[in-house]
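Geometric and topological summary
Single-letter residue listing:
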Amino acid sequence: MTMTMHSASVAECSPRFGQIPAAGHDSFAQPLSDGAFVALRAAYRSTGGIARGDEIAAWANQKGQGDFLSLNRAIVAGELFSFSWNNTFWLPMFQFDLHDLSVRRDLLPLIWELQNDCDGWALATWFARAHADLGGQAPVELLDTELAAVLVAARAGRQVETG
């Protein structure tokens, strides 16, 4: 089963929310390509990486945090985002407390702020890319230390886009 949380295409997202530029040197330049997937894996490595949905569901079940159905419900409810690659859905692990695999509730306002503007792939690249308004750092690098600044950057991007 292939799952993505959002129906908007990457091309419909504003540049601040993950639109893939045409520049050839951007490691995320080809959405859903092998190279772009490898770049995402590398970008997320320091925050727990990315994992297949079925793996996360099995780990969560072992820790008493639910199963495949509860993971799907959390995605549909907008508590988590996922993206599809190679007929599998993947989730960035920063969305979970890595000790018990519970959903990180502190990230919900940020995810909710962004999820209506992009599909899961665009969200994943937004979190992984460096942003000038975050001092040249990627949002995923700042979630544990500067979450308020990341939320401000996300809201500023939406205000620029919506005018």
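Residues numbered from 1 in each chain as written. Predicted model: local features only at pLDDT ≥ 70, side-chain atom pairs only at ≥ 80, totals over all residues. Heavy atoms only, no water.

**A few points about helix α2 (residues 53–62)**
Three or four residues apart is the spacing at which side chains of an α-helix point the same way, because the helix has 3.6 residues per turn. Buried within α2 we find Gly53, Ile56, Ala57 and Ala60. The buried residues of α2 occupy one face: seen down the axis, they fall within an arc of 100°. Where the residues of α2 are buried, they touch β1 (50–52), α3 (68–76) and β3 (88–92). (Buried < 20%, exposed > 50% of the residue type's maximum accessible area, 1.4 Å probe, protein only. Helix = DSSP H or I, 4+ residues; strand = E, 2+ residues; numbered from the N terminus. Arc of directions from axis to C-beta. Contact = heavy atoms within 4.5 Å.)

**A short note on the environment of Leu98**
Mapped onto the secondary structure, Leu98 falls in the loop between β3 and α4 (108–115). Distance in space between the C-alpha atoms of Leu98 and Gly48 is 7.5 Å, their sequence separation being 50 residues. Beyond its immediate chain neighbours, meaning those up to four positions away, Leu98 contacts Thr47, Gly48 and Met93.

**A look at α3**
Residues Leu71, Asn72, Ala74 and Ile75 constitute the buried set of α3. One face of α3 carries all of its buried residues, which in axial projection span an arc of 160°. Relative to its buried face, α3 has exposed residues pointing more than 90 degrees away, namely Leu69, Arg73 and Val76. Those residues of α3 that are buried lie in contact with α2 and β3. Measuring from the side-chain oxygen of the N-cap residue of α3 to the backbone nitrogen of Leu69 gives 3.1 Å; that N-cap residue is Asp67. (Polar contact = N/O pair within 3.5 Å; in protein donor to acceptor, adjacent residues only side chain to side chain.)

**Considerations on the confidence of the model for the chain**
On average, residues of the chain score 80 in pLDDT, and 77% of them are at 70 or above. In this model, residues 159–163 is a region of pLDDT below 50 whose contacts with residues beyond four sequence positions or in other chains number 2 contacts. (pLDDT = per-residue confidence, 0-100.)

**Quick look at the pattern of salt bridges**
According to the stated counting rule, one finds 6 salt bridges in the structure shown. In this structure, Glu113 engages Arg155 in a salt bridge whose closest nitrogen and oxygen atoms are separated by 3.3 Å. Of this pair, Glu113 sits in helix α4 while Arg155 sits in helix α7 (residues 147–162), placing them 42 residues apart in sequence. On the accessibility criterion, Arg155 (39% relative accessible area) is partly exposed. (Salt bridge = Lys/Arg side-chain N within 4 Å of Asp/Glu carboxyl O.)

**Quick look at the nonpolar core**
Note that soluble globular proteins tend to have their nonpolar side chains buried in a common cluster. If you look at the biggest cluster of nonpolar residues, it comprises 31 residues, and the most contacted ones within it are Tyr44, Phe83, Phe94, Leu110, Phe127 and Leu143. Only α1 (34–44), β2 (83–85), α4, α5 (120–128), α6 (139–142) and α7 provide two or more residues apiece to this core. Among the elements that make up this core, the one with the highest residue count is α5 (7 residues). The contacts of Phe127, once residues within four sequence positions are left out, are Tyr44, Phe81, Phe94, Leu110, Leu114, Ala138, Pro139, Val140 and Leu143. Counting residues in hydrophobic clusters, the runner-up holds 15 residues, among them Ala57, Phe89, Leu91 and Phe96. (Core = buried A, V, L, I, M, F, W, Y, C linked by side-chain atoms within 4.5 Å.)

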